[in-house]
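Residue strings, one per chain:
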Amino acid sequence: MDAIERFTNAAQIVNVSVAVERFPEGTRTAKDAAAAVGCELAQIVKSLVFVGGGEPYLVLTSGKNRVDESLVAELLEVGSISIASPEQAREATGFVIGGTPPFGHFRPIPTTLDKDLLAYDVVWAAAGTPDTCFPINPRKLQEVTSAVVASVVTA
């Protein structure tokens, strides 16, 4: 089963209808995804995997924002976190960087949702590969991922 199938199957399990779209020009970065989709950079969901104390944490942030790791560590009540290596991210989620969806991972990962995403009716997130995305309401995304909504960006 390929990554897109695994993601769409996971979406069915959590009762979320996803319309996966493929963009041959690629959606690996937030800028690439916004250009391909035709939306604001802020409407792109970056699924970033961090590691703290040997455990993975997922931060879903707006494409225009840079995550403040110390804010997230404080929110999670862990000493510190750092961005996961590509290998750590794939091990935790089952997906490659640039294609990591916000849910559908090997196991549940504590998730934080950037409050800035809630300013939009629709946001776009990766759907399992670096050339696929799907649209979703950010409040539905928060519900499906059981994410804690917070400010996670540097000032």
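Residues numbered from 1 in each chain as written. Predicted model: local features only at pLDDT ≥ 70, side-chain atom pairs only at ≥ 80, totals over all residues. Heavy atoms only, no water.

Caption draft 1: The overall build of the chain, seen in detail. Secondary structure summary: the chain contains five helices and eight strands in total. Each helix and strand of the chain, placed in order from N terminus to C terminus, yields the pattern α-β-α-β-β-α-β-α-β-β-β-α-β. Relative to its length of 155 residues, the chain is compact, with a C-alpha radius of gyration of 14 Å against a globular reference of 15 Å. Burial statistics for the chain: of 155 residues in total, 51% are counted as buried. Sequence-distant contacts in the chain: of pairs separated by 6 or more residues, those separated by 24 or more amount to 62%. In the structure as shown, the chain presents an accessible area of about 7700 Å², 50% of it carried by carbon and sulfur atoms. (Helix = DSSP H or I, 4+ residues; strand = E, 2+ residues; numbered from the N terminus. Rg over C-alpha atoms; globule rule 2.2 N^0.38 Å. Buried < 20%, exposed > 50% of the residue type's maximum accessible area, 1.4 Å probe, protein only. Contact = heavy atoms within 4.5 Å. Areas by Shrake-Rupley, 256 points an atom, 1.4 Å probe, with all protein chains shown as cover.)

Caption draft 2: Inspection of the packing of aromatic side chains at higher detail. Per the counting criterion, the structure on display carries three aromatic pairs. With a centroid separation of 5.1 Å and an interplanar angle of 45°, the aromatic rings of Phe-7 and Phe-103 are classed as tilted. Here Phe-7, found in helix 1 (residues 3–13), pairs with Phe-103, found in the loop between helix 4 (86–93) and strand 5 (111–114); they are 96 residues apart in sequence, far enough to count as distant. Residue Phe-7 is classed as buried on the basis of its relative accessible area, which comes to 0%. Classification of Phe-103 by relative accessible area gives buried; the value is 7%. (Phe/Tyr/Trp six-rings, centres within 6.5 Å; stacked < 30°, edge-to-face > 60°.)

Caption draft 3: Main features of the nonpolar core. Phe-7, Val-18, Val-45, Phe-103, Val-123, Phe-134 and Leu-141 are the most contacted members of the largest nonpolar core, which has 28 residues in total. Among the secondary structure elements, those contributing two or more residues to this core are helix 1, strand 2 (44–52), strand 3 (55–62), helix 4, strand 6 (123–126), strand 7 (132–136) and helix 5 (138–145). Residues in contact with Val-18, not counting those within four places in the same chain, are Phe-7, Thr-8, Ala-11, Phe-103 and Phe-134. (Core = buried A, V, L, I, M, F, W, Y, C linked by side-chain atoms within 4.5 Å.)

Caption draft 4: Expanded view of helix 4. Those residues of helix 4 lying buried are Ala-89, Ala-92 and Thr-93. Looking down the long axis of helix 4, one finds its buried residues gathered within 80° of arc, a one-sided arrangement. Along helix 4, exposed side chains directed more than 90 degrees from the buried face belong to Glu-87 and Glu-91. The inward-facing, buried residues of helix 4 contact strand 2 and strand 3. Note on helix 4: the residue one or two positions beyond its end, Gly-94, has a positive phi of about 90°. (Arc of directions from axis to C-beta.)

Caption draft 5: Looking closely at the pairing of strand 6. With two bridges connecting them, strand 2 and strand 6 associate as parallel partners. Each bridged residue has a counterpart across the sheet, and for Ile-44 the counterpart in strand 6 is Trp-124. When strand 6 meets strand 7, the two strands line up antiparallel, connected through four bridges. By the bridge assignment for strand 7, Ala-125 is matched with Phe-134. What sits between the antiparallel neighbours strand 6 and strand 7 is a turn of five residues, in which Gly-128 has the positive phi angle 115°. (Pairing = 2+ DSSP bridges.)

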